[in-house]
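Working through the structure, step by step
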Amino acid sequence: MARMKFICDSERCIECNGCVTACKNEHEVPWGVNRRRVVTLNDGVPGERSVSVACMHCSDAPCMAVCPVNCFYRTDEGVVLHDKDVCIGCGYCSYACPFGAPQFPSAGTFGVRGKMDKCTFCAGGPEANGSEAEFEKYGRNRLAEGKLPACAEMCSTKALLAGDGDVVADIFRNRVVKRGKGAEVWGWGTAYGSKQAGQPAGGKS
Amino acid sequence: MNRVLILIAAAFALAACGERPQQMKDSPRQDTSAFQGTGMPFVAPGWKVGDKPSWEAQLKTRTQNGQNDYTKVN
C-alpha cells in the first residue's frame, strides 16, 4: 500500500465547512482547537477558491524534525502521529508546520498551553486501538475500523479526497481529465445548449 | 469581602486538582497497526481483522465507492 494522503480539489470545494464539522463531531475536539479548517482565497471576488486544510502527513515532516522530545512517529501507512504523553507543548512544531496543523488547547491550569493536538488521519494514537484512552487523547480510530477519515467521507461535493495516495491521485487525475471546462462541464450543454457539447442552442419558446 | 477572598484563594489552591496524572515517557511508544482492528463491533464489513491485504483492499474499495463519483454518474 502507498501512503495515506489528502487531496483537496479547490474547483469543487464550496466552503460548506462540512469537513470541519465532521472532524469536530467524530473526535469530540474541544472548543478552540480546529484540526481541520477551510481557507478561502480571494473571498468575494471572481476567482474565489476554497481549500480544506489540515495536517498533510508530510513524507518529510518538518514537525518531526524540530520536535525536541521526539514525540512524533510515522505509521506503516505514512500517517504522522504523535504521543501526547511525551509532548511538552513547546510549540516548535507549530512554527515549523507550513499548513498550521498543530493546535494547542488552553485547557491547562491558569490557561497554560496544553499538549499539541492535530489531525490524526482518523488513525488514533499510540494507545490501544479503539480504547477509551485513545479516544480521549486522539479521537476515534476509523482506519482500524476499516473506514476512511470522516472529513473526506462527509464531503458533500467530494472535493476532499482521502485514502491511499495512488488511489486518490487516480481519482483526481480522472476527474481533471474528464470534467473539462467551460461548455465541456457536465450538465452545461444539457441545461443551456452548447455547440461544443453537441447540444442545440436554447432559444425563445 | 472575606468570602470573596476565600473564594479566590480556593480557586488558586484547587486549580491543580483538575490536572490529570501524567507519566514521563522517553520516546514514542510503538503503535498497533490499523489492520489489527479495534476489537469493537463498529467495524466496516468486508474485511478480516488482522489480515493486512484484506484491510488494504477494503480501504481501496471504500475510496473508489465513496469518493470516485465518476464511477456512478458517467
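Residues numbered from 1 in each chain as written. Chains lettered and ligands numbered in written order. Predicted model: local features only at pLDDT ≥ 70, side-chain atom pairs only at ≥ 80, totals over all residues.

Before going further, it helps to spend a moment on the overall build of chain B. Per the secondary structure count, chain B includes 3 helices and 0 strands. Secondary structure of chain B in N-to-C order comes out as α-α-α. Relative to its full complement of 74 residues, chain B shows a buried share of 18%. (Helix = DSSP H or I, 4+ residues; strand = E, 2+ residues; numbered from the N terminus. Buried ≥ 20, exposed ≤ 12 C-beta atoms within 10 Å, placed from the backbone.)

We now examine the pairing of strand S3 (residues 49-53) of chain A. Residues and elements named next belong to chain A. Side chains Ser50 and Ser52 project from S3 onto a buried face, and the interleaved Arg49, Val51 and Val53 project onto a face without burial. Direction of pairing for strand S2 (residues 37-41) relative to S3: antiparallel, over a ladder of 5 bridges. Bridged to arginine 37 within S3 is valine 53. (Pairing = 2+ DSSP bridges.)

Before going further, it helps to spend a moment on the packing of helix H6 (residues 165-179) of chain A against helix H2 (residues 52-67) of chain B. Where H6 of chain A contacts H2 of chain B, the axes come no closer than 10 Å and their chain directions differ by 25°. By the angle between their directions, the pair H6 of chain A and H2 of chain B is classed as roughly parallel. Considering only the axes of H6 of chain A and H2 of chain B, their crossing is right-handed. Where H6 of chain A approaches H2 of chain B, its residues Val167, Val168 and Ile171 of chain A are matched on the opposing element by Lys60, Thr63, Gln64 and Gln67 of chain B. Looking at the contact of H6 of chain A with H2 of chain B residue by residue, the classes come out as 3 nonpolar, 3 polar and 1 charged. (Axes fitted to C-alpha atoms, helices over the stretch in contact; angles between N-to-C directions. Parallel < 35°, antiparallel > 145°, perpendicular 65-115°, else oblique. Left-handed = near helix turned anticlockwise from the far one by under 90°. Contact = placed C-beta atoms within 7 Å. Nonpolar A, V, L, I, M, F, W, Y, C, P; charged D, E, K, R; others polar.)

The share of residues in chain A with pLDDT of 70 or more is 86%, and the mean pLDDT across the chain is 89. Within chain A, helix H7 (residues 188-192) of chain A has the poorest average pLDDT of any element, 67, and helix H1 (residues 18-27) of chain A the best, 97. (pLDDT = per-residue confidence, 0-100.)

All right, on to the environment of asparagine 141 of chain A then. Following the sequence through the fold, asparagine 141 of chain A ends up in the loop between helix H4 (132-138) and helix H5 (150-154). Asparagine 141 of chain A sits in the buried class, given 26 other C-beta atoms within 10 Å. C-alpha of asparagine 141 of chain A to C-alpha of proline 105 of chain A: the two residues are 36 residues apart in sequence and 21 Å apart in space. Not counting residues within four places of it along the chain, the set of residues in contact with asparagine 141 of chain A comprises Cys122, Ala123, Gly124, Asn129, Gly130 and Glu134 of chain A together with Thr38 of chain B.

Okay, the nonpolar core next. Counting residues in hydrophobic clusters, the biggest one holds 45 residues, and the most contacted among them are Phe121, Ala123, Cys151, Ala152, Leu160 and Ala162 of chain A. Among the secondary structure elements, those contributing two or more residues to this core are strand S1 (4-8), H1, strand S5 (80-82), H5, strand S6 (160-164) and H6 of chain A together with H2 of chain B. Excluding its chain neighbours within four sequence positions, the residues that come into contact with phenylalanine 121 of chain A are Met4, His57, Val79, Leu143 and Pro149 of chain A. (Core = buried A, V, L, I, M, F, W, Y, C linked by C-beta atoms within 7 Å.)

This part is about the interface of chain B and chain A. At the interface, 37 residues of chain B touch 38 residues of chain A. If you tally residues by element for the side of chain B that touches chain A, the top one is H2 of chain B, at 10 residues.

It is worth spelling out the environment of methionine 1 of chain A at this point. With respect to the helices and strands, the residue methionine 1 of chain A is situated in the segment before S1. Since 19 C-beta atoms lie within 10 Å of it, methionine 1 of chain A is described here as partly exposed. Apart from the residues within four sequence positions on either side, methionine 1 of chain A is in contact with Glu77 and Asp164 of chain A together with Glu56 of chain B.

The subject of this paragraph is H6 of chain A. With 15 residues, H6 of chain A extends 21 Å from end C-alpha to end C-alpha; this agrees with the ideal 21 Å at 1.5 Å per step. Listed as buried for H6 of chain A are Val167, Val168 and Ile171 of chain A. Looking down the long axis of H6 of chain A, one finds its buried residues gathered within 95° of arc, a one-sided arrangement. The exposed set on the far side of H6 of chain A, more than 90 degrees from its buried face, consists of Arg173, Val176 and Val177 of chain A. In this structure, the buried side of H6 of chain A is in contact with S1 and S6 of chain A together with H2 of chain B. Positive phi shows up at glycine 180 of chain A, right after H6 of chain A, with a value of about 60°. (Expected span 1.5 Å × (residues − 1). Arc of directions from axis to C-beta.)

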